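Observations on the model geometry
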Amino acid sequence: MVDMVMPLDPAANETLVEQEAAAIERIKKIRPILGDDVVILGHHYQRDEVIQFADFQGDSFQLSREGAKTKAKTIVFAGVHFMAESAVVLGREDQAVILPNMQAGCSMADMANLQQVLTAWAELEDVLMDDPSNHVMPITYMNSAADLKAFVGERGGAVCTSSNARGVLEWAFAQREKVFFFPDQHLGRNTGKKMGIPLEQMVLWNPLKPYGGLTDDEIRNAKVILWRGHCSVHQQFRPEHVDTWRKHHPDVNILVHPECMMQVVDKADYVGSTSYIIKTVEAAPPGSKWAIGTEMHMVNRLKQQQTDKMVELLSPFACLCSTMYRISPLDLANVLENLADGRVINQIFVPEDIQRNAKLALDRMLAIPK
Ligand code: SF4
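Rules behind the numbers
Residues numbered from 1 in each chain as written. Predicted model: local features only at pLDDT ≥ 70, side-chain atom pairs only at ≥ 80, totals over all residues. Heavy atoms only, no water. Salt bridge = Lys/Arg side-chain N within 4 Å of Asp/Glu carboxyl O. Helix = DSSP H or I, 4+ residues; strand = E, 2+ residues; numbered from the N terminus. Buried < 20%, exposed > 50% of the residue type's maximum accessible area, 1.4 Å probe, protein only. Axes fitted to C-alpha atoms, helices over the stretch in contact; angles between N-to-C directions. Parallel < 35°, antiparallel > 145°, perpendicular 65-115°, else oblique. Contact = heavy atoms within 4.5 Å. Nonpolar A, V, L, I, M, F, W, Y, C, P; charged D, E, K, R; others polar. Left-handed = near helix turned anticlockwise from the far one by under 90°. Near = heavy atom within 4 Å. Pairing = 2+ DSSP bridges.

Brief notes about the pattern of salt bridges
According to the stated counting rule, one finds 20 salt bridges in the structure shown. Across the salt bridge formed by Lys-69 and Glu-66, the nearest N and O atoms sit 3.9 Å from each other. With Lys-69 and Glu-66 both in helix α3 (residues 60–69) and three residues apart, the pair spans about one turn of that helix. Residue classification places Lys-69 among the exposed residues on the basis of a relative accessible area of 66%. Arg-246 is paired through a salt bridge with Asp-269; the nearest N and O atoms lie 3.3 Å apart. Note that Arg-246 is positioned in helix α10 (residues 239–248) and Asp-269 in the loop between α11 (262–265) and β11 (270–271), a separation of 23 residues in sequence. Each of Asp-216, Asp-217 and Arg-220 takes part in a single network of salt bridges with overlapping partners.

If you want it as structure tokens, here you go:
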């Protein structure tokens, strides 16, 4: 009997680097064929090999709006899952939204799910002995699943971004005594602190414990109830990193994202969203020094572009968004080639009722003066 000899797969011996290089060439070939029917959106934290193909680069909310304004029938979102969902909510009915790799989630968004938030709301009702909507304004950060945005929308609340969080909280307090803020405790706490809310009135809700691990009095006396969630990337920046920079470079400017912990934000010179960080460094004088606390791909890109300034990551360790990194040139080539063959793969769907209520929460945010 003769053993069957399987034909060799030429790709089997290729390294990942070679496969990605080949994928980049495949994208270059296929992209012009798709033309304006497809728009590629790239989040600031996306790696260079992918972002080079983005028609628009920005933060999640800005990108969703840009995508909706184009005449493209298909939006390919090089970002993470909640961003693609937001593009569905804000997009047109005739647009399909594709996430090149369905494993690209957001660890922060995953820290709050609808069931946990519904349980928390029921527990708040129990403690307050009233419908929480009479007292508590639910606010969700843009970095949350569409069903949480819908939860908020149904209860009179709004979404916020890292650039408008203060305005949204002020709007919330003009109507109700308390704010229930999820999923990022740091953005909520940093914003509340800037507004002068005492730390003891900003309590932390642990979704893994009954009643968030809080006493009835703690809940009744709280102004802000912060969900126990965080960004695994921004959490890595520590106050010691700021101290080290200041020791070795007394003239350095510390510029951080508000998803960083309060102890880092308190020591920083400037705090703001990704767009704010980019604009601030671009407008800075030549020779100035910047240590930046946000995702490293964005910082490295700024460093390459702003060669007349010193631009470095605040942390000595690589702080990258590993979930966003899951989108590779191979994934992008795959979805684009399928599109060219008339197949829409990795499409993100959001049920209609969730879209409607999530849109309510987003529209409320947009109506709040900045
Ligand atoms: S950087 Fe943080 S918040 Fe942003 S997508 Fe990654 S895990 Fe989520």
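From this point, things continue past the structure.
As for the packing of helix α5 (residues 114–128) against helix α6 (residues 146–154)
Relative to each other, α5 and α6 sit at 25 degrees, their axes nearing to 9 Å. For the element pair α5 / α6, the angle class is roughly parallel. Residues Leu-114, Val-117, Leu-118 and Trp-121 of α5 form the contact with α6, whose participating residues are Asp-147, Leu-148 and Phe-151. Among the residues forming the contact of α5 with α6, the class breakdown is six nonpolar, no polar and one charged.

Here's the deal with the packing of helix α1 (residues 16–34) against helix α14 (residues 329–340)
Between α1 and α14, the shortest axis-to-axis distance is 8 Å and the interhelical angle comes to 35 degrees. The interaxial crossing formed by α1 with α14 has left-handed handedness. Counting all contacts with α1, which are made through Leu-16, Gln-19, Glu-20, Ala-23, Ile-24, Arg-26, Ile-27, Ile-30 and Leu-34, the residues of α14 involved are Pro-329, Leu-330, Leu-332, Ala-333, Asn-334, Leu-336, Glu-337, Leu-339 and Ala-340.

A closer look at the site of the ligand
All residues adjacent to the ligand are Tyr-45, Val-80, Cys-106, Ser-107, Met-108, Asn-143, Cys-231, Val-233, Glu-259, Cys-321 and Met-324. Across the shell around the ligand, the residue classes tally to eight nonpolar, two polar and one charged.

Re the sheet that holds strand β4 (residues 96–98)
Read across the sheet, four strands follow the order β2-β1-β3-β4 without closing on themselves; strand pairing throughout is parallel. Every interior strand has two partners, whereas the edge strands, β2 (56–58) and β4, have only one. Between one strand and the next, the sheet's axes are offset by a mean angle of 25 degrees, whatever the strand orientation. Across three bridges, the pairing between strand β1 (residues 38–43) and β2 is parallel. The partner of Gly-42 across the bridge, within β2, is Gln-57.

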